[in-house]
Amino acid sequence: MPVSGLPPYDDNNIFARILRGEIPCKKVYEDAHALAFHDINPQAPVHVLVIPKGKYCSFADFSAGASEAEIAGFIRAVGTVARQLGLEAPGYRALANMGAHGGQEVPHLHVHLFGGRPLGRMIPSAG
Ligand code: AMP
(Lines give C-alpha, C1' and ligand atoms only; values in the text may rest on other atoms or scores of the structure.)
Protein backbone atom coordinates (compact mmCIF):
# COMPACT_ATOMS: atom_id res chain seq x y z
CA MET A 1 0.00 0.00 0.00
CA PRO A 2 1.48 3.41 -0.91
CA VAL A 3 2.36 5.59 2.04
CA SER A 4 0.91 9.10 1.95
CA GLY A 5 3.16 11.43 -0.06
CA LEU A 6 5.21 8.65 -1.64
CA PRO A 7 4.84 7.28 -5.17
CA PRO A 8 3.32 3.80 -5.56
CA TYR A 9 5.56 0.77 -5.99
CA ASP A 10 6.94 0.48 -9.54
CA ASP A 11 6.54 -3.12 -10.72
CA ASN A 12 9.20 -2.57 -13.39
CA ASN A 13 12.01 -1.43 -11.13
CA ILE A 14 15.20 -3.44 -11.64
CA PHE A 15 14.97 -5.36 -8.36
CA ALA A 16 11.36 -6.38 -9.10
CA ARG A 17 12.62 -7.75 -12.40
CA ILE A 18 15.42 -9.63 -10.63
CA LEU A 19 12.87 -11.10 -8.21
CA ARG A 20 10.77 -12.29 -11.16
CA GLY A 21 13.84 -13.86 -12.77
CA GLU A 22 13.70 -11.54 -15.79
CA ILE A 23 17.20 -10.21 -15.08
CA PRO A 24 20.05 -12.35 -13.71
CA CYS A 25 21.85 -11.64 -10.47
CA LYS A 26 24.81 -13.10 -8.62
CA LYS A 27 22.75 -14.61 -5.82
CA VAL A 28 24.33 -15.20 -2.43
CA TYR A 29 21.22 -16.05 -0.38
CA GLU A 30 17.49 -16.60 -0.74
CA ASP A 31 14.68 -17.59 1.59
CA ALA A 32 10.92 -17.05 1.81
CA HIS A 33 11.25 -13.36 2.64
CA ALA A 34 14.49 -12.11 1.15
CA LEU A 35 16.98 -12.31 -1.70
CA ALA A 36 20.62 -11.23 -1.52
CA PHE A 37 22.96 -10.69 -4.45
CA HIS A 38 26.20 -8.93 -5.33
CA ASP A 39 25.94 -5.27 -6.28
CA ILE A 40 26.66 -4.80 -9.97
CA ASN A 41 28.93 -1.81 -9.21
CA PRO A 42 30.70 -2.75 -5.97
CA GLN A 43 31.92 0.07 -3.73
CA ALA A 44 33.91 -2.21 -1.39
CA PRO A 45 35.61 -5.63 -1.61
CA VAL A 46 32.31 -7.08 -0.40
CA HIS A 47 29.17 -5.26 -1.54
CA VAL A 48 25.96 -7.24 -1.35
CA LEU A 49 22.35 -6.09 -1.52
CA VAL A 50 19.62 -7.68 0.59
CA ILE A 51 16.05 -7.07 -0.54
CA PRO A 52 12.67 -8.17 0.79
CA LYS A 53 10.55 -10.20 -1.60
CA GLY A 54 7.49 -8.04 -1.00
CA LYS A 55 6.67 -4.92 -2.99
CA TYR A 56 8.11 -2.20 -0.76
CA CYS A 57 9.81 1.00 -1.91
CA SER A 58 11.56 1.87 1.32
CA PHE A 59 11.39 1.57 5.09
CA ALA A 60 8.44 3.99 4.94
CA ASP A 61 6.00 1.54 3.39
CA PHE A 62 7.81 -1.55 4.72
CA SER A 63 7.56 -0.43 8.34
CA ALA A 64 3.95 0.70 7.84
CA GLY A 65 2.61 -2.17 5.76
CA ALA A 66 4.73 -5.32 6.01
CA SER A 67 3.65 -8.21 8.19
CA GLU A 68 5.56 -9.18 11.32
CA ALA A 69 6.80 -12.25 9.45
CA GLU A 70 8.06 -10.16 6.53
CA ILE A 71 9.84 -7.72 8.83
CA ALA A 72 11.40 -10.43 10.97
CA GLY A 73 12.30 -12.47 7.92
CA PHE A 74 14.00 -9.57 6.18
CA ILE A 75 15.98 -8.41 9.21
CA ARG A 76 17.04 -11.98 9.97
CA ALA A 77 18.14 -12.39 6.37
CA VAL A 78 20.36 -9.29 6.63
CA GLY A 79 22.07 -10.82 9.67
CA THR A 80 22.31 -14.25 8.08
CA VAL A 81 23.89 -12.92 4.90
CA ALA A 82 26.46 -10.89 6.84
CA ARG A 83 27.32 -13.97 8.89
CA GLN A 84 27.57 -16.22 5.85
CA LEU A 85 29.82 -13.72 4.09
CA GLY A 86 32.20 -13.75 7.07
CA LEU A 87 31.61 -10.10 7.83
CA GLU A 88 30.69 -10.33 11.51
CA ALA A 89 34.15 -10.68 13.05
CA PRO A 90 35.94 -8.00 11.02
CA GLY A 91 32.83 -5.81 10.94
CA TYR A 92 30.85 -4.29 8.14
CA ARG A 93 28.39 -1.55 7.28
CA ALA A 94 24.67 -1.96 6.61
CA LEU A 95 23.19 1.00 4.79
CA ALA A 96 19.81 1.76 3.27
CA ASN A 97 19.24 4.83 1.09
CA MET A 98 15.75 6.32 1.19
CA GLY A 99 14.32 8.77 -1.30
CA ALA A 100 15.93 11.79 -2.92
CA HIS A 101 18.07 13.04 -0.03
CA GLY A 102 19.18 9.47 0.68
CA GLY A 103 20.31 9.06 -2.92
CA GLN A 104 18.06 6.04 -3.51
CA GLU A 105 18.28 4.97 -7.15
CA VAL A 106 16.27 1.76 -7.14
CA PRO A 107 12.77 2.13 -5.63
CA HIS A 108 12.63 -1.29 -3.98
CA LEU A 109 13.79 -1.46 -0.35
CA HIS A 110 17.35 -2.74 -0.11
CA VAL A 111 20.08 -2.89 2.48
CA HIS A 112 23.65 -2.59 1.24
CA LEU A 113 26.21 -4.71 3.09
CA PHE A 114 29.74 -3.35 2.69
CA GLY A 115 32.83 -5.04 4.03
CA GLY A 116 36.24 -6.50 3.35
CA ARG A 117 38.24 -3.46 4.47
CA PRO A 118 38.04 -0.64 7.03
CA LEU A 119 35.26 1.61 5.76
CA GLY A 120 36.18 4.96 7.22
CA ARG A 121 33.78 7.71 8.14
CA MET A 122 30.06 7.08 8.20
CA ILE A 123 29.31 9.91 5.79
CA PRO A 124 32.11 11.47 3.71
CA SER A 125 32.69 15.15 4.29
CA ALA A 126 30.74 17.45 1.99
CA GLY A 127 32.62 19.04 -0.86
P1 AMP B 1 20.66 2.85 -4.14
O2 AMP B 1 21.36 4.11 -4.57
O3 AMP B 1 20.74 2.65 -2.66
O4 AMP B 1 19.25 2.77 -4.68
O5 AMP B 1 21.51 1.66 -4.73
C6 AMP B 1 21.12 0.89 -5.82
C7 AMP B 1 22.24 -0.09 -6.05
O8 AMP B 1 21.77 -1.07 -6.97
C9 AMP B 1 23.51 0.51 -6.64
O10 AMP B 1 24.61 0.25 -5.76
C11 AMP B 1 23.66 -0.22 -7.99
O12 AMP B 1 25.01 -0.49 -8.32
C13 AMP B 1 22.86 -1.48 -7.74
N14 AMP B 1 22.32 -2.12 -8.92
C15 AMP B 1 21.63 -1.56 -9.94
N16 AMP B 1 21.28 -2.48 -10.85
C17 AMP B 1 21.74 -3.67 -10.39
C18 AMP B 1 21.69 -5.00 -10.86
N19 AMP B 1 21.08 -5.32 -12.03
N20 AMP B 1 22.28 -5.98 -10.14
C21 AMP B 1 22.90 -5.66 -8.98
N22 AMP B 1 22.98 -4.43 -8.47
C23 AMP B 1 22.41 -3.44 -9.16
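Please refer to the structure placed before this passage.
This text gives an overview of the structure that appears in the document. (Residues numbered from 1 in each chain as written. Predicted model: local features only at pLDDT ≥ 70, side-chain atom pairs only at ≥ 80, totals over all residues. Heavy atoms only, no water.)

Following the sequence through the fold, Arg20 ends up in the loop between helix 1 (14-19) and strand 1 (27-30). Using a relative accessible area of 41% as the deciding quantity, one classes Arg20 as partly exposed. Apart from the residues within four sequence positions on either side, Arg20 is in contact with Asp11 and Asn12. For Arg20, the side chain forms a polar contact with the side chain of Glu22, separated by 2.8 Å. (Helix = DSSP H or I, 4+ residues; strand = E, 2+ residues; numbered from the N terminus. Buried < 20%, exposed > 50% of the residue type's maximum accessible area, 1.4 Å probe, protein only. Contact = heavy atoms within 4.5 Å. Polar contact = N/O pair within 3.5 Å; in protein donor to acceptor, adjacent residues only side chain to side chain.)

Another point: the pattern of salt bridges. Side chains bearing opposite charge may pair, as long as their charged atoms lie close to each other. The full count for this structure, using the stated rule, is six salt bridges. Here Arg20 ties to Glu22 by a salt bridge, and the two come within 2.8 Å at their closest N and O atoms. Across the pair Lys53 and Glu30 runs a salt bridge, and its minimum N-O distance is 2.7 Å. Here Glu30 lies in strand 1 and Lys53 lies in the loop between strand 3 (46-52) and helix 2 (59-65), a separation of 23 residues in the sequence. Residue class for Lys53 comes out partly exposed when judged on its relative accessible area of 32%. Owing to a relative accessible area of 38%, Glu30 belongs among the partly exposed residues under this scheme. If you follow the salt bridges from partner to partner, you end up with Arg17, Arg20 and Glu22 in one network. (Salt bridge = Lys/Arg side-chain N within 4 Å of Asp/Glu carboxyl O.)

For the rest of this paragraph, the subject is helix 3 (residues 68-84). Counted at 1.5 Å a residue, the expected span for helix 3 with its 17 residues is 24 Å, and the 24 Å between its end C-alpha atoms agrees. Turning to helix 3, its buried residues number three or more, namely Gly73, Phe74, Ala77, Val78, Gly79, Thr80, Val81 and Ala82. The inward-facing, buried residues of helix 3 contact strand 1, strand 2 (34-38), strand 3, helix 2 and strand 5 (111-115). A positive backbone phi angle near 75° is found at Gly86, which sits one or two residues after helix 3. (Expected span 1.5 Å × (residues − 1).)

Moving on, we come to the pairing of strand 5. A regular strand carries its side chains on alternate faces of the sheet. Taken across its five residues, strand 5 has five buried, putting it largely inside the fold. Neither face of strand 5 is open: one carries Val111, Leu113 and Gly115, the other His112 and Phe114, and all of them are buried. Where strand 3 and strand 5 come together, five bridges link them in antiparallel fashion. In the sheet register, Val50 faces strand 5, and the bridge partner there is Val111. (Pairing = 2+ DSSP bridges.)

Across the sheet, five strands lie side by side as 1-2-3-5-4; this open sheet has antiparallel pairing. The open sheet is flanked by strand 1 and strand 4 (93-95), the only strands paired with a single partner. Pairwise comparison of adjacent strand axes, ignoring direction, gives a mean angle of 20° for this sheet. In this fold helix 3 packs onto strand 1, strand 2, strand 3 and strand 5, with an angle of close to 160° to the strand it touches most, strand 3. (Axes fitted to C-alpha atoms, helices over the stretch in contact; angles between N-to-C directions.)

All we've got here are geometric facts, nothing functional implied.
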